Amino acid sequence: MPQANLKEQFAPQFLGVNLRNDRARIEDTEMASAINADFHTLPGGIQSRNGRQKQFTTALTGGIVRYLYRNRTNARRYQIVGRNLYRNQISIFSSLSTNLITTAFQARPLNELTTFTYFADDAFMRKDDGTTLGLWGISPPGTAPTAAAGAGGLTGSYQCRYTWAKLVAGVIVSESSPSPASAAVALSGGGLSMTNLNPSPDPQVTHIVLYRTLAGGSVFYRETTISNTTSTSVLAVADVTMAANIPLETDNSIPPLASWATHWKETAWLCRETANPHYLRFSRRFRPDTFPADNFLELGNPDDPLMCAYPGGEAMAAFSRLTKYRVVGNQESGFAFAEAVSHRGTPSPFGVTYYSGGLVFVARDGIFVTDLSGPDFQLAEDILPLFFAQPVNGFNPINWDAANTIRLAYFKDRVYFAYPSGGNVLPDTVAVLSMKTKKWYFYQYPTAITSFLIEEDQDRLTAGDSVGFVYTIERGYGDDTTTVPLTVETKDYMGEDSAIRRKIFHFFRVDADVPVGETLTATFFVDGVTQRTVTIIGARTKTLAALPESSVGFQWRVKLAYTGSQQVKVYGVDAVWIALEAA
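Each chain carries its own residue numbering, running from 1 in the direction its sequence is written. Only residues with pLDDT of at least 70 get local features here, since the model is predicted, and only at 80 or more are side-chain atom pairs given and counted; chain-wide, interface and lining totals rely on the full set of residues. Excluding hydrogens and water, the side-chain figures rest on all heavy atoms present in the structure.

K.L.:
When you look at the packing of aromatic side chains in this model, what are you seeing that I'm missing?
P.N.:
Given two aromatic rings, one states the distance between the centres and the angle between the planes to describe the pair. Any two of the Phe, Tyr and Trp rings considered here, Trp counted by its six-membered ring, make a pair once their centres fall within 6.5 Å; the pair's planes then place it as stacked at under 30 degrees, edge-to-face at over 60, or tilted in between. Within the structure shown, the criterion is met by 37 aromatic pairs. Ring plane angle 85° and centroid distance 6.3 Å describe the contact between Tyr443 and Tyr445, whose orientation is recorded as edge-to-face. Each of the two residues, Tyr443 as well as Tyr445, counts as buried. In our convention, an over-ring charge means Lys NZ or Arg CZ found within 6 Å of a ring centre and within 35 degrees of that ring's normal. The ring of Tyr571 carries Arg540 above its face, with NZ or CZ at 3.8 Å from the centroid. For every residue, the accessible area obtained with a 1.4 Å probe (protein chains only) is divided by the maximum for its type, and the residue is called buried under 20%, exposed over 50%, and partly exposed between those limits.

K.L.:
Quick question: what am I supposed to make of the pattern of salt bridges here?
P.N.:
Pairing between side chains of opposite charge can happen when their charged atoms approach one another. Basic side-chain nitrogens of Lys or Arg form a salt bridge, by our definition, when they fall within 4 Å of a carboxyl oxygen of Asp or Glu. Applying the stated criterion across every chain yields a total of 35 salt bridges. The partner of Glu455 in a salt bridge is Arg77, with the nearest N and O atoms 2.7 Å apart. Of this pair, Glu455 sits in strand E38 (residues 449-455) while Arg77 sits in strand E8 (residues 77-81); the two residues are 378 residues apart in sequence, bridging distant segments of the chain. Side by side, Glu455 and Arg77 carry an identical accessibility label, which is buried. The partner of Asp459 in a salt bridge is Lys412, and the shortest N-O contact between them spans 2.9 Å. In this pair, Asp459 is assigned in the loop between E38 and strand E39 (460-465) and Lys412 in the loop between strand E34 (407-411) and strand E35 (414-419), connecting sequence segments 47 residues apart. Overall, Lys412 belongs to the partly exposed group, its relative accessible area being 45%. Each of Arg70, Arg77, Glu455, Asp457 and Arg460 takes part in salt bridges that share partners, so that together they form one network. We count a stretch as a helix when DSSP gives it H or I for four or more residues in a row; a strand needs E for two or more, and each element gets its number in order from the N terminus.

K.L.:
Looking at this model, I keep getting lost on the layout of surface pockets. Mind explaining?
P.N.:
To find leftover empty space, one rolls a probe the size of a water molecule over the atoms. If you add up the space inside the largest pocket, you get close to 910 Å³. A 1.4 Å probe that fits but cannot get out identifies a cavity on a 1 Å grid over protein atoms alone, an open set with protein on both sides within 12 Å along at least five of seven lines counts as a pocket, and a residue lines either if it has an atom within 4 Å of a point. Around the largest pocket, the lining comprises 32 residues; the ones closest to its centre are Tyr67, Tyr69, Tyr310, Tyr354 and Leu453. Within the residue set of the lining of the largest pocket, elements represented by two or more residues are strand E7 (65-70), strand E11 (102-107), strand E22 (260-264), strand E26 (306-312), strand E30 (352-355), E34 and E38. Grid points are joined across faces, edges and corners, and a volume is the space filled by probe spheres set on the points. The volume enclosed by the second largest pocket comes to roughly 260 Å³. In terms of lining residues, the second largest pocket is bounded by 15 residues, among which Leu100, Asn404, Thr405, Arg407 and Leu426 are the most central.

K.L.:
Help me understand empty space enclosed by the protein in this model?
P.N.:
In this structure the tally under the stated criterion is 1 cavity of 30 Å³ or more. The space that makes up the largest cavity amounts to roughly 40 Å³. Listing elements by their share of the lining of the largest cavity, those giving two or more residues are E7 and E8. Residue contributions to the lining of the largest cavity peak at 3 residues, all from E8. Its residues assigned to classes, the lining of the largest cavity shows 5 nonpolar, 3 polar and 1 charged. Residue polarity follows a fixed list, in which Ala, Val, Leu, Ile, Met, Phe, Trp, Tyr, Cys and Pro are nonpolar, Asp, Glu, Lys and Arg are charged, and the others, Gly among them, are polar.

K.L.:
Hey, could you run me through the nonpolar core in this one?
P.N.:
Looking at soluble globular proteins, one finds that nonpolar side chains tend to be buried together. Counting residues in each nonpolar core, the largest one holds 85 residues, and the members touching the most others are Phe387, Phe417, Phe442, Val510 and Leu520. Top contributing element to this core by residue count: E35, with 5 residues. In contact with Phe387, other than residues within four places in its own chain, are Ala363, Arg364, Asp365, Gly366, Ile367, Ala380, Ile398, Trp400 and Phe417. Put simply, a nonpolar core is a bunch of buried Ala, Val, Leu, Ile, Met, Phe, Trp, Tyr and Cys residues held in one set by side-chain atoms that sit within 4.5 Å of each other. Grouped together as the second largest cluster of nonpolar side chains are 38 residues, Tyr67, Met307, Tyr310 and Leu372 included. Two residues form a contact once any of their heavy atoms are found within 4.5 Å.

K.L.:
What am I meant to see in the sheet that holds strand E24 (residues 279-282) here?
P.N.:
The pairing of strands in a sheet comes from backbone hydrogen bonds and takes either a parallel or an antiparallel form. Ordered in space as E22-E23-E24-E25, the 4 strands form an open sheet in which the pairing is antiparallel. Of all the strands in the sheet, the pair left with one neighbour each is E22 and strand E25 (296-298). Strand-to-strand twist in this sheet, taken as the mean axis angle between neighbours without regard to direction, amounts to 20°. For two strands to count as paired, DSSP must find a minimum of two bridges between them. Two elements, E22 and strand E23 (residues 267-271), share 5 bridges in a ladder whose sense is antiparallel. Think of each axis as a best-fit line through the C-alpha atoms, taken over the contacting stretch in the case of a helix, with angles from 0 to 180 degrees between the N-to-C directions.

Written out as C-alpha cells, the structure is:
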C-alpha cells in the first residue's frame, strides 16, 4: 500500500544558472551551478555540451592565438599567435607589437583586381594579397627632382614634382604623396627636363607619376607616368591641354601606426593610435591606402582613449573605456558623431559582438545590448556577482586586470563570453547566454579560449586557444581526444512545505537519457550533506533510488556528473519525502 503523507516534488524543466540569488531562492527552473551543460539545444532539459575539433594538428609557434581573421573572398585564414602573423598556418611576420592588439579587415581598392587583407598593429601597418605581405600605403619620395630646360615648346616659369604609384591595366590604384617641388625653371620655347627621379624601393610600386605647373602657376597637374626604373623625363605638353588634366593630390599619407582597423562606407577606419588615442581616422573613399592628415574625428579627449570601433549599417559604434559614440554620414556630406544616450563604454576591445538587435558589449557592470540611440539593456542580471568581485557557487569573479583578454561572440542565438576568472590571466571560463531563454550557463575547455571568429557563411564558430591551436567549437562530442566533463547542481528545493518544516526523504530519481555503455552519477544532498550517490544507466529509466533513514532535513538538491565519450541528456529530477513536523 502507498505510504500515507508521502509527498513528491518534481523539477521537470531547467533553463539555466542563476548566481544572483541564494540557491534556495532561485526559480525552480534555474540551476545553482553548471559546467559544460548546454541548456539551449534541448529546451527545458540539459545535455552535455558539444566538443571542439582542431583545424590543424601542429601547434603554431607563439602560444596564445589572440586573433583570427578569414578573408571571405579568397578564403585565406590568418592567425595572430603571440607576436607572430600566420597565413594558413605559415608564418609571414614575427615582430608584432608587444601591446598584443592586432586587427584586420578586407578591401579591394578602386580599380584593383585583388582583395587585400589589411593588418593594423602598433609595430606595423601591412596588407596581404595571399602571396606577399606588403606595406599598407606608399611612402612618398624624400627628395625633389632636378628641373632644367629641355626640348619642347613651353614658355614661362615652371616647377615639377613626382609621386610613386601602383598601376593596374594602366590605371593608378594607389599613389603616394608627392616629392618636394623642384626649383622654378624659366623656359622660352623649351621643355621641362626632369632628372634625379629616384625609383621607389617598395615592390608594390610600378610607376613614377610626373606633375608640373602651368606657366607661372602654383597648381601641379599630372602629365605622364613612367616606369619605376626610369630616372629622367622631359615634360612638354602644351599648357592649354595640361589645364584639363588631373591636379596633384598633395596628401596621400600612409596610415599612422594604430592597432584597430575596420572598414565601413567604402572607407578604412583606424583607432587606438598611440599619439592620438581619441582620434578615429578614415581613409579616402575606395582608397584604403591613403589617409589625409585632416581625415579624422576627435571623439572625447586623450584621457578616455578609444578602445575599438564596430561598423554596422548606417552607423558605426566607437567605444572608449567610459562611453561610446555613434558615427554617421558619408564621404560626400561628411562624417559626424554623437555620444550614445547611455554613457557606458568597455574595458575590453574584443568584448563586443554583433547581434540582430544591435551590438552586445562587455562593461564593468554587466553585458549589454545597445543600438546606440536608446538605453543599454542588461543581459547579465543572473550572473552579476561575477562582475563585482563576488565568488558564487564555485565560480570565481572576473579578473578585470586581464580585461584585454576577454572575448565575446554571438552565434546561433547564443552569446559566448570568454573571461579570465580569479587569478587567471587568460579566459578559463566561457559563459553562454541563450538569447531564446535569456538564461546563462558555463563551459570550460582543456585550454583557454583566447579568440573567436564568427563564420556565418561557413556555419561555424571558430576559436583560438592558449597553446597555438585553432578549433571549430560546438562540434562533435569530445574535445579532440579529451572527454567533456559535465557537472551540474540544482537549486535547494524545499517543496510545498515551508523551509522551517523538517522532512524525512525516502527516494529520489533522475530522468535522464544515458548512452549505452556510459554512466551518469547522481548525488543527493539534504541541507548540503551528501546522503547517497548512485549511477544511472539507460534511456529514461527513471529508477527510484532509496535514501538512508538519516536523510532528514529541510532542503534537498541533486548534483549530476558525467565524463564520457558521448552526450548525456537530463530532463528532470524529483524527490519523495514525509513531513515530520507541523509548520
